[in-house]
Each structure stands twice: as C-alpha cells, then as structure tokens.
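Given next are the chains, with one letter for each unit.
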Amino acid sequence: MSSFSSPHFMYLFALKSGKKKLAYGQSPADALEILRIRLSEQEMSEIVADQFIKINQRDLQQYVGELG
Amino acid sequence: MTFTWPWFKPAKPQPASKILWLDLGDLGDLVNPSGPHEQWQDHGLGLLRTILHQNGVQTDLASTRAVTSWEQLARQIKGYDMLLMNVRSYTFPPAYKAAQIFKELNPAGLIVAGGMHATVAPDEMLAIPEFDRICQGPGEGIIVDLVKDPLAYPRLVQGVGAKSMAEWPMIDRTLWPQPQGWRNKRRWHWKWPLEPACGWGPGPVATLITSRVCPWQCVFCNENSYIPNMGRKPVDQVIDELNFLDRHYGVGSVVIHDSMFFQNPTWLKEWIEKYPRKTKRWTYWAAGRADTVRQWPDLFEALIRETNWRTISIGFESGSDRMLRLLNKECTEEDNYFAIDLVNRIGDDLEAKGEQPPKFWSNIMLGIPGEQPEDAFKTMRMLKQMKRVFPSIAFYAPYPGSALGNQLIAEGKSLMSKENYHRFPDDEKVKGVNYQFYRELLAGKYDAEINEGVDAAMHGAELYQGALVKA
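Asker: Explanation requested: the overall build of chain A in the structure shown.
Answerer: Each helix and strand counted, chain A has two helices and three strands in total. Shown N-terminal to C-terminal, the secondary structure of chain A runs as helices and strands in the order β-β-α-α-β. Along the three orthogonal principal directions, the C-alpha set of chain A runs to about 35 × 25 × 20 Å. Across chain A, the fraction of contacts at a sequence separation of at least 24, relative to all contacts at a separation of at least 6, is 46%.

Asker: Looking at this model, I keep getting lost on the interface of chain B and chain A. Mind explaining?
Answerer: Quoted interface sizes are often the accessible area lost when the parts come together. Chain B puts 38 residues into the contact, and the matching count from chain A is 26 residues. Surface buried jointly by chain B and chain A totals about 2800 Å² across both partners, of which 52% is contributed by carbon and sulfur atoms. A per-residue breakdown of the area chain B buries against chain A is headed by Arg325, Glu330 and Gln407 of chain B, which together make up 25% of the total. One can count four salt bridges joining chain B with chain A. A salt bridge links Glu411 of chain B to Arg38 of chain A, with the shortest nitrogen-to-oxygen separation between them at 2.8 Å. Counting across the chain B and chain A interface gives eleven residue pairs in polar contact (both at pLDDT 80 or more). Elements supplying a minimum of two residues to the side of chain B that touches chain A: helix 4 (116-120), helix 10 (290-295), helix 12 (321-326) and helix 15 (403-410) of chain B. A per-element tally of the side of chain B that touches chain A places helix 15 of chain B first, with six residues. Residues that form the side of chain B that touches chain A fall into these classes: 17 nonpolar, 13 polar and eight charged.

Asker: Sorry, what's going on with the nonpolar core here?
Answerer: Most often, soluble globular proteins have nonpolar side chains that are buried together. Residues and elements named next belong to chain B. Trp271, Tyr284 and Trp309 are the most contacted members of the largest nonpolar core, which has 84 residues in total. With six residues, helix 13 (residues 333-352) is the largest single contributor of residues to this core. Those residues in contact with Trp271, other than ones at most four positions away along the chain, are Val235, Val238, Ile239, Leu242, Ile256, Phe261, Pro276, Tyr284, Leu303 and Thr307. The next biggest cluster of nonpolar side chains, apart from the first, holds 26 residues, and it includes Leu20, Leu22, Leu73 and Leu83.

Asker: Is there a simple way to explain the pattern of salt bridges in this structure?
Answerer: Working definition: two side chains of opposite charge can pair if their charged atoms are close together. Scanning the entire structure with this criterion turns up 34 salt bridges over all chains. For the salt bridge of Lys21 of chain A with Glu411 of chain B, the shortest nitrogen-to-oxygen distance reads 2.8 Å. Here Glu411 of chain B lies in the loop between helix 15 and helix 16 (435-442) and Lys21 of chain A lies in strand 2 (residues 20-25), a pairing that spans two chains. Across the pair, exposure class does not vary: Lys21 of chain A and Glu411 of chain B are buried alike.

Asker: Please explain the packing of helix 2 (residues 70-77) of chain B against helix 3 (residues 92-105) of chain B as it appears in this structure.
Answerer: Geometry of a packed helix pair, given as the angle between the helix axes and the separation of the axes. All names here are of chain B. The contact between helix 2 and helix 3 brings their axes to 10 Å, and the two run at 55 degrees. Taken as axis vectors, helix 2 and helix 3 run oblique relative to one another. Both helix 2 and helix 3 take part in a crossing whose hand is right-handed. Contacts from Trp70, Leu73, Ala74 and Ile77 of helix 2 reach helix 3 at Pro94, Lys97, Ala98, Ile101, Phe102 and Leu105.

Asker: Looking at this model, I keep getting lost on the sheet that holds strand 8 (residues 253-256) of chain B. Mind explaining?
Answerer: Each strand in a sheet pairs with its neighbour through backbone hydrogen bonds, running either in the same direction (parallel) or in the opposite one (antiparallel). All names here are of chain B. With parallel pairing, the six strands of this open sheet are ordered in space as 7-8-9-10-11-12. Here the strands that pair on one side only, and so sit at the sheet edges, are strand 7 (205-208) and strand 12 (389-395). On average, adjacent strands in this sheet sit at an angle of 20 degrees to one another, irrespective of strand direction. As defined by bridge partners, strand 8 adjoins strand 9 (residues 284-288) across two bridges and the pair is classed as parallel. Bridging from a neighbouring strand, Val255 pairs with Trp285 of strand 9.

Asker: How should the domain arrangement of chain B be read in this particular structure?
Answerer: Residues and elements named next belong to chain B. Structurally, chain B comprises domain 1 (19-158) and domain 2 (186-463). The C-alpha centroid of domain 2 is placed 28 Å from the C-alpha centroid of domain 1. For domain 1, the biggest contributors to the area lost against domain 2 are Trp40, His43 and Tyr90; these three give 26% of the whole. Summed over the shared surface of domain 1 and domain 2, the result is zero salt bridges. Counting across the interface, domain 1 meets domain 2 through three residue pairs in polar contact (both at pLDDT 80 or more). Among the elements of the structure, helix 3 and helix 4 are those that each provide at least two residues to the side of domain 1 that touches domain 2. Here the residues of the side of domain 1 that touches domain 2 are counted per class, giving 13 nonpolar, ten polar and three charged.

Asker: I'm lost on the packing of aromatic side chains in this one. Help?
Answerer: Pairs of aromatic rings are described using the distance from one ring centre to the other and the angle between the two planes. Tallied over the entire structure, the rule returns 28 aromatic pairs over all chains. With a centroid separation of 6.4 Å and 50 degrees between ring planes, the pair formed by Tyr11 of chain A and Phe13 of chain A is classed as tilted. On the basis of relative accessible area, Phe13 of chain A is assigned to the buried category, the value being 0%. Aromatic pair Phe261 of chain B and Trp309 of chain B: ring centres 5.6 Å apart, planes at 75 degrees, arrangement edge-to-face.

Asker: Just to check I follow, could you spell out helix 1 (residues 43-54) of chain B for this structure?
Answerer: For an α-helix, 3.6 residues make a turn, and residues three or four places apart therefore share a direction. Residue and element names in this part refer to chain B. Here helix 1 spans 16 Å end to end across twelve residues, near enough to the 16 Å set by a 1.5 Å rise per residue. Of all twelve residues that make up helix 1, ten are buried, and the element is covered over most of its length. All buried positions along helix 1 are accounted for by His43, Leu45, Gly46, Leu47, Leu48, Arg49, Thr50, Ile51, Leu52 and His53. Of the surrounding secondary structure, the elements contacted by the buried residues of helix 1 are strand 1 (19-23), strand 2 (60-63), strand 3 (82-86), helix 6 (143-148) and strand 7.

Cut-offs used in this document
- Residues numbered from 1 in each chain as written.
- Chains lettered and ligands numbered in written order.
- Predicted model: local features only at pLDDT ≥ 70, side-chain atom pairs only at ≥ 80, totals over all residues.
- Heavy atoms only, no water.
- Helix = DSSP H or I, 4+ residues; strand = E, 2+ residues; numbered from the N terminus.
- Contact = heavy atoms within 4.5 Å.
- Buried area = accessible area lost by both parts, 1.4 Å probe.
- Salt bridge = Lys/Arg side-chain N within 4 Å of Asp/Glu carboxyl O.
- Polar contact = N/O pair within 3.5 Å; in protein donor to acceptor, adjacent residues only side chain to side chain.
- Nonpolar A, V, L, I, M, F, W, Y, C, P; charged D, E, K, R; others polar.
- Core = buried A, V, L, I, M, F, W, Y, C linked by side-chain atoms within 4.5 Å.
- Buried < 20%, exposed > 50% of the residue type's maximum accessible area, 1.4 Å probe, protein only.
- Axes fitted to C-alpha atoms, helices over the stretch in contact; angles between N-to-C directions.
- Parallel < 35°, antiparallel > 145°, perpendicular 65-115°, else oblique.
- Left-handed = near helix turned anticlockwise from the far one by under 90°.
- Pairing = 2+ DSSP bridges.
- Domains from an automatic or database assignment.
- Phe/Tyr/Trp six-rings, centres within 6.5 Å; stacked < 30°, edge-to-face > 60°.
- Expected span 1.5 Å × (residues − 1).

This is how it looks when you write it as structure tokens:
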C-alpha cells in the first residue's frame, strides 16, 4: 500500500444534511472503509455513498466551508 | 578608547528603521528555553528580511521569544510605523496579542502579516482587525513592494514566490534574533548566528532548506495543498552556503529542515557525489519516508554511508496499518519495518567498524481518532524495534488546513482553538479520545501487553516514558 504501488485519492461524499464529507483511499469504496475506522454507524449512515466527487488535494481548501 | 563606569547603562540603541519585524514564539523561549527546539530560527523571517535589506528596506527586529512579559515587549515595539510578522498556526496566539499591543501603542501604525496561518486559515486572520494587510502564500516576490506601499494592495494579498529556490538569496543569519543572557548562551553553547546543538549532532548547527513541499498527502499535514511546487536549490548552491557558514562561523553539524529531503533521486545522487568531496562532510539531520526507503534502498544506504546522514527523521507515525490508512500515510507496517531493519543493520555494521551509527528521529503519533489500544501497542512495539532512536511522540492535533483537521473541525470534534494552537505536548486535542489511556501507556502501565508481541525488544518502557513532545 505504499504511495508507489497504490496511490490514494481524495473524495468528497455528499451527506444527507447537504454538507460534504472528505474521504481518501485507493478507491471510493476504500475511502468509505477508512472513514469507518473512526466514524460511528450513525455518522456513516449520514453519508450518501453513491454521490461523490474526486478532488485534487490542491483544490481541497475551496470546499472547507462545505464540510460537515 | 572610551571608558565607562561599570554601572553605567549604555543608552538604548536608536532604532535604525521605522519598520519592525517581530519574530514569534512563546514568551521567554530565547531567555530561558526548556529545550533546544524552542530556539530554532525562522527561515521565512530570515529570507524575507534578507530580501528587504538587499533592496534597501531596512527593518529592526524584536522577538516575543526574547522577552518574558508582554510589558517588556511593549517597550520594544513602541514608536514604529509598521510591524511585520510571519504567522504560523502555533504562533497565531502571540501574533494577534502582539498586534493588539502594537496598535494600542502606535494607533497610526500598519501591521502586515503573512505566513502559513494566513494560507490555511485566512478567515481567522481576517477576523483580527489589527492585521491591516494579510499575505497568503510565498512572500519573496512581493515583500519589497508590499512593505514599501502596503496601501496599494487589498487587505488579503496573494503572495508571489520564486519558481526555484535557486533564485533565493542566501539568508543573512545575523538578521535572526539572538539568545538572551550569557547564562543561556553558555548553557546551550550557542554560537549565534548559527544554532545550538540539540542532540542531533555537535554545535554550532547550520540549519538550511534545500527543497520546499513534501508532495505526499498525509492528512495530518497536507502542505502540498498550499505551497506551490518549486525547483530545488542546486546542490552546488547548498554546498557553497555551508562552506560560507563554516568559514565565517564554524559549522559543527547540519540540520536540513526540508519537509522531505529523501526525494528526487537525481538530486540526491549529485549530493552523494559532491557533498563528501567539497565539504567537511558534517553529520546531518534530514527527513525521509519508509516507503521511499523501501523503493530506493541502495540510494538510502549510500546517503548514510557516504554523506554522513546520521540522524534520520522518518514519520513512522504508527505501527498499525489501520492508523496508517486513517492518516493517509500511504506507507504500511511492512514499509516501516523494512526501514527499521535496514537502519539497524547499517548501524550495526558501522558500529563494528568503529564508526558512528545512524539514529532515527522517529515521529510517532498517538491519540489518533479511531485508534484502539491494540493499535497503540503495535506502535510501541514498532518503536522498540529501533535499535538507535530519538522518539518524538505527540498527540495527534487537528490543525486547520490539514485535510483531517479541516474535517474534524467541521464535525465539531476539535478541542483546539485560536487561543490554544500552541504545540504543548499534554494538551488534549480531539473529543472522544481517551487521553488517560495514553498517559498510562507512556508511563509504562501496558508494557506487559506491548512486550507480548515482541520477540526481542531493544528497549524497555524507559524509551517512551515522559517522551511527549510538542506536536
């Protein structure tokens, strides 16, 4: 899983609240699994798993106000 | 020759300029520091003051670190027309306190502030009415014009940087603040303008930067989001700078403060060719990553053996793949152990030959949201496998600007605020983390559990007892 063999990407998942959740991983599914490490089941249930965009990490600051 | 009575106090030197640069840090850090790291100098301040002076804009210098009270600082900053500050997140509290004092004493004075906090948290900077002009991003291409005519710019200014560090002038290190008091200088053997030894190599220490921007995406840092890519300083330029410093001040060892020194193999190969032959081959501290060590093991070993890389800073962070994924480290437990085994082996070989072995500066993070006790035990087991190590253990801190930090702040889980961005090791940083567990862990309470998973521990609990450092 090193950066040379398995690079990671950043994703913004839609939340039911209208806000967005930042996640990262080798794929959207992997990113959700990583979120599951620290979020509760209730917090995970707020995520709309099939609504996401992939973002460049340099663009992340544009979305800070939308995070929730 | 002028003689004075022993008790005659010389008059306070007249200011050379109406523009004051304020070096930031905790009060007293240059008077009675608790350790050597509080005394590290600000390279941003050094570079920008050098550029200003070389372009005919003289500045005076004061430092929150060189005083022990705000009243003492106030006496030093009264009477200036402009105050300049390089503000990092952990110096934001003293920055805005100093700004308030400056404005009370100099109501018509202007304050121009830049630095990393302006880039990662502009809203917090803009909320401070005392900051008249706030510069985001690199400042070397704009500082002269901005200081000469700040009112020609909007309140939030976009900085202009060089395309390559080759364009940077060499920092005039005499523009850095001085240690205060002969006892302080003697205690740390501080030969200013070089820096004091901190255990990584003999003093005087020359600190420098050869590259900017770590291009990886660790979510506790993420500086790649904010700092534009920049050409690395040419090897010859680095060598010339070190030799200049040695001729003028005498260099004992070097700290290469790059976020990521071990990148760009072409540059590193040139470094291997030239550094041992064109300098006194001082030992140095520099940073790498476990996965790049595994990707380029021969290059890594050559740097250690041939260029005297003796303090190897690696952000191991955790010994648990779960946590490494959460931190987006893009390194694995296996990468970490590869690097540890390699450095242990090289160290044993060098020691057998009577040479100084390399030692890790091992960055370790505890209190990561989602971390379970077994994750922390795996981290301590990993640390115990390092034969020669300076452990640098800190609680995870959700700094604004970092990807995970921004997300935790948005979730309402951060315990940090603009009043306490200070990097104190004991501070609790994130809601829901059981800090008592970690205090007990670091006190050795769980050493039996940790040692269960270790075949041959190099160290006991004394390795990490009381080892929390500032994040």
